[in-house]
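Architecture and fold: a report
Each chain, written out:
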Amino acid sequence: MSLQIWIDGIFAGSVFAIIALSMTIVYQPTRIMNFAQGEGFVLGAALGYQFIGVWHWPLYKAVIGLIIAAIIMGFIMERMIMLPVQLSGSKFAWIIATLAAALIFQSLFNIKWVNVTFSYFDFIDKNISIGDAKLSIQKLIVIIFMFIVYAANEFFLKKTLWGRSIRAIAHNGDTSTILGIPTKPVIKMGFIVGTVVIAAVGFLAAPVIIVAPAAGLFYTIQGFTAGIIGGVGSAKGAVVGGLTIGILDSVVRSWLGGTWGLFSTFFVLALILILKPNGFFGKRVEGR
Amino acid sequence: MISTYKGLNRLLMAGTVLGVALLYAFPLLAKTTENPTFYLQIVSVACFSAILTISLNICMGYGGLLSLMHTGIQMMGGYALGILMVKKGWNGWLALVMSSVVGSIFAILVILLSLRATYLYFGMITLAINLIAMETVRQGGELTGGYNGLFGIMAPGIPDGIMSANTLYVTVITILIIMYIVQRNLILSGFGRNTMALRESSETATALGISPNMHRLKVFAVSGAIAGLAGGLLSMQMGYAIAEIGDMGNGLIFFVGLFLGGVGTLAGPILGVALVAVIDFSIRGTAQYRTLILGAILLGTMIILPRGIVGTYRASRYGSPRSREVMPGEADDYHLDIAVKNVTKGEVLLEATDVVKHFGGVHAVDGISVQFKAGEVHGIIGPNGSGKSTLISALTRYHELTSGSVKLLGAEADKKPYKVARNGITRVFQIPHLFERVSVLDNVLTGMYRRDNYNVFDAIFRTPRYRKANSRSVAEAKALLSLAGMLGMEELAAGSISHGQKRLLEVIRAVATEPKILILDEPATGLTQDEMHSLTSLIRTLAAGGMCVVLIEHNVAFLMDLADIVTVIQSGKVIAEGTPQAVQKDERVLEAYLGNTDFSKELA
């Protein structure tokens, strides 16, 4: 098996891992698996295309624009999801609400960008050669970004007061409020940070992979799959799960052809759910 | 004089009849417009949506299983019909039946795969499977027509040939009405009660002897069959099957309909879908905004009308039933034989030997041997954390034993908690575990389901077997309720009665399972004096009938008054056992458990 397949796998795996990480960031304080998370990925790709591909903005301007847009999206998403969840009282409220939010964003993207795939150009159009395999700088940035997000999240959760608040809220929201933890702002922040992270990876990866306006749900599911394989709520699990499905997909794809990559991913998912229902690093999930 | 509730119900009934008549007469109305086929098609498509939403309502609203693959099942049903008709030349009606069978099998396979998944994962797995199913038919080559879909499906005539648009329309309406009746009959039967019991609390359902996995499988199979049928009909009407039918974006409409109408209500799906169809029709000029508008309606409904239209009505002053007045002498109509069958008084029902349960380093139960005998009230006391509840969980197999053995009627007890329940041990939990959204009567009936000797098909078709079993169960349930002084409250939602009544109802429900051993975990907590008396007399009656009642209590006076034999537990070990009088005098109990002398005086 050639080295190139492994490099491509690690790159794709890093993308899935960051998606899973951003979902973990939202999950930690809310216990919600956000079906609308993948729409942030599309936002990043779409704005990259619009700012750089169409309007030819300089990179710094595009990045600032993207961050502002992602913050706004995270803020809106929090209201769209948490309001129904708090008011409805149904056990399924969060799934239905996040799904509805996903479809609303998806249709907005579909209305704004008709028949477009968001590919523009590589920011840095250079390759590193490893033997006869090539790794573009663009892909390397994504891989490094994944480790940065992971490390930052771990540091934040374990070493800061804010991180401890998140873990307390995850355990019991009402008690945390009584203890004086600002529950609602922490949840808002979770959505905003999660959206910024996933929009960033959409922005970075879109030049290399094909992203369509309606692709959000697909990336959500890839992130979920990674999360479930690794264990929901675990950052380490998100990274391991993401890399697992990325490499698996790449290897199987080169071996049996495109669709089989997708099938193999879900096959592993099914296997994990039967043999180890809580994933590699997950605790038993009670959910909301 | 009839109550407002009954009057409104009659009004609603009349409205339903009128609605059905209008639906059947619609082709005549449509004829007067320029494009009758167009209008007929809109109504038929709404009917398919309603059928699918009914299927979603059964598994999600009543069963608590969130499926995101119902559009996928619908697509599979469509392809099953298409392949059998177009490629294999089958008769259309037979193919339609097969589309339902395929939907059911597909659903069963998925649930077998995901039985161990918690509900959080379940939604996700179904969504992933939906994607796989769509991808599979796209890659299906000649058989499925690949990306272009499968064309050339004709609606079959009766008995053969091609059906006219009008006949197809009437057929679709009729099938929708049949599906509504199927839903109603299922939900109002023991099948539906068990389904709701599982939704409310899987743990409690298990304590009543319901097998969670087996029943979930049945619920999903029924739901899949209806969804497959909806898919077959849809493809029949459209003339093709295509992967996009399975798309989640198309599935949004069902969730909107279900939430708008009311999740877990009988009429909700139909009312909701009808409303969505009207909305859909009025925005037909702006197709690209459809998902946006539907999504916004869904979120809005969840915020403003969380229970949906029907649910809000049912919860309101006008739509919810009251307790009725009991006719004088009515209680005499219900006779009840609570004698436990095939048991002689004093016979050892359960024998536990050296039961040990460790949680890591915590020795919660550390070698307890105990015997429960027929016709006895057996008290278990001990300080908080002494291992009483753990012992009960170990005996009823909610916990796996670290070591030791449990014998039930001389044979080794089964490892599965619901089987232990079926073999005659029922427990009532420390905190009330009623099915709150279900009526008082249905709560008791759920406890009786083991005696209902009818199956799903009996329930759907309301066969004589079902009718007989059902009327017998209802009479027995009323007899039990009258024993607890709760006659007249049958129709109330269990969540709306007082705390003491809830506890009594829970005991009644447990008795309804016809247990040989009834375990009550702190039943007297929070009861008023009167309720305490009802409970005492109920327990005495049960024990007199040969039942073994195991009482775990902190209320020492209550316990000592009732119990024939008392076991005292401390730190996971038995420190004393005997009659209440003997235990009260036991030195070790006085010193180790009761500790201070003031308390021992109170006891003595």
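Coordinates for the structure precede this section.
Quick look at the structure, then. (Residues numbered from 1 in each chain as written. Chains lettered and ligands numbered in written order. Predicted model: local features only at pLDDT ≥ 70, side-chain atom pairs only at ≥ 80, totals over all residues.)

Quick look at the interface of chain A and chain B now. If you look at the interface, chain A gives 37 residues, while chain B gives 36 residues. Broken down by secondary-structure element, the contributors of at least two residues to the side of chain A that touches chain B are helix 3 (59-88), helix 4 (93-112), helix 9 (216-230) and helix 11 (258-275) of chain A. Ranked by residues supplied to the side of chain A that touches chain B, first place goes to helix 4 of chain A with eleven residues. Of the residues contributing to the side of chain A that touches chain B, the split by class is 28 nonpolar, eight polar and one charged. (Contact = placed C-beta atoms within 7 Å. Helix = DSSP H or I, 4+ residues; strand = E, 2+ residues; numbered from the N terminus. Nonpolar A, V, L, I, M, F, W, Y, C, P; charged D, E, K, R; others polar.)

Now for the sheet that holds strand 6 (residues 403-408) of chain B. In sheet architecture, strand pairing relies on hydrogen bonds along the backbone and comes in two forms, parallel and antiparallel. All names here are of chain B. Spatial strand order, 4-3-6-7: four strands in an open sheet with antiparallel pairing. Among the strands making up the open sheet, the edge pair consists of strand 4 (362-373) and strand 7 (411-412). By the bridge criterion, nine bridges tie strand 3 (residues 348-359) to strand 4 in an arrangement that is antiparallel. Pairing of V356 across the sheet is with D366, part of strand 4. Those strands touched by helix 14 (residues 388-395) are strand 3, strand 4 and strand 6, and its axis lies near 115° from that of strand 3. (Pairing = 2+ DSSP bridges. Axes fitted to C-alpha atoms, helices over the stretch in contact; angles between N-to-C directions.)

With that settled, the discussion passes to the nonpolar core. Ranked by size, the top nonpolar core spans 266 residues in total, and within it A:I96, A:A97, A:V201, B:I51 and B:V549 carry the most contacts. Broken down by element, this core gets its largest block of residues, 15 residues, from helix 1 (residues 3-30) of chain A. Discounting residues that sit within four places of it in the chain, B:I51 has contacts with B:I175, B:L176, B:M179, B:I226, B:L229 and B:A230. (Core = buried A, V, L, I, M, F, W, Y, C linked by C-beta atoms within 7 Å. Buried ≥ 20, exposed ≤ 12 C-beta atoms within 10 Å, placed from the backbone.)

All names here are of chain B. Direction vectors running N to C along helix 16 (residues 440-447) and helix 19 (residues 499-512) enclose 35°, while the axes themselves pass 6 Å from each other. As helix 16 packs across helix 19, the resulting crossing turns out to be right-handed. On helix 19, the residues that touch V440, N443, V444, T446 and G447 of helix 16 are L505, I508, R509, A510 and A512. Tallied by class, the residues present in the contact of helix 16 with helix 19 amount to six nonpolar, three polar and one charged. (Left-handed = near helix turned anticlockwise from the far one by under 90°.)

Turning to unusual backbone geometry, a few remarks are in order. Residues and elements named next belong to chain B. Its identity as a non-glycine residue notwithstanding, E514 has a phi of 55°, on the positive side. As for its placement among the helices and strands, E514 is situated in the loop between helix 19 and strand 9 (517-521). In the Ramachandran plot, E522 falls in the positive-phi region, its phi being about 45° despite a non-glycine side chain. With respect to the helices, strands and loops of the structure, E522 is situated in the loop between strand 9 and helix 20 (529-544).

Okay, the sheet that holds strand 12 (residues 573-578) of chain B next. Residues and elements named next belong to chain B. As summarised here, the arrangement of the six strands in space is 8-9-10-5-11-12, forming an open sheet in which the pairing is mixed. Among the strands making up the open sheet, the edge pair consists of strand 8 (425-428) and strand 12. The mean inter-strand angle of the sheet, taken between neighbouring strand axes irrespective of direction, is 20°. Across four bridges, strand 5 (residues 377-381) lies against strand 10 (residues 548-552) in parallel orientation. Bridge assignment links V377 to a residue of strand 10, and that residue is V549.

Coordinates in, geometry out; function isn't part of it.
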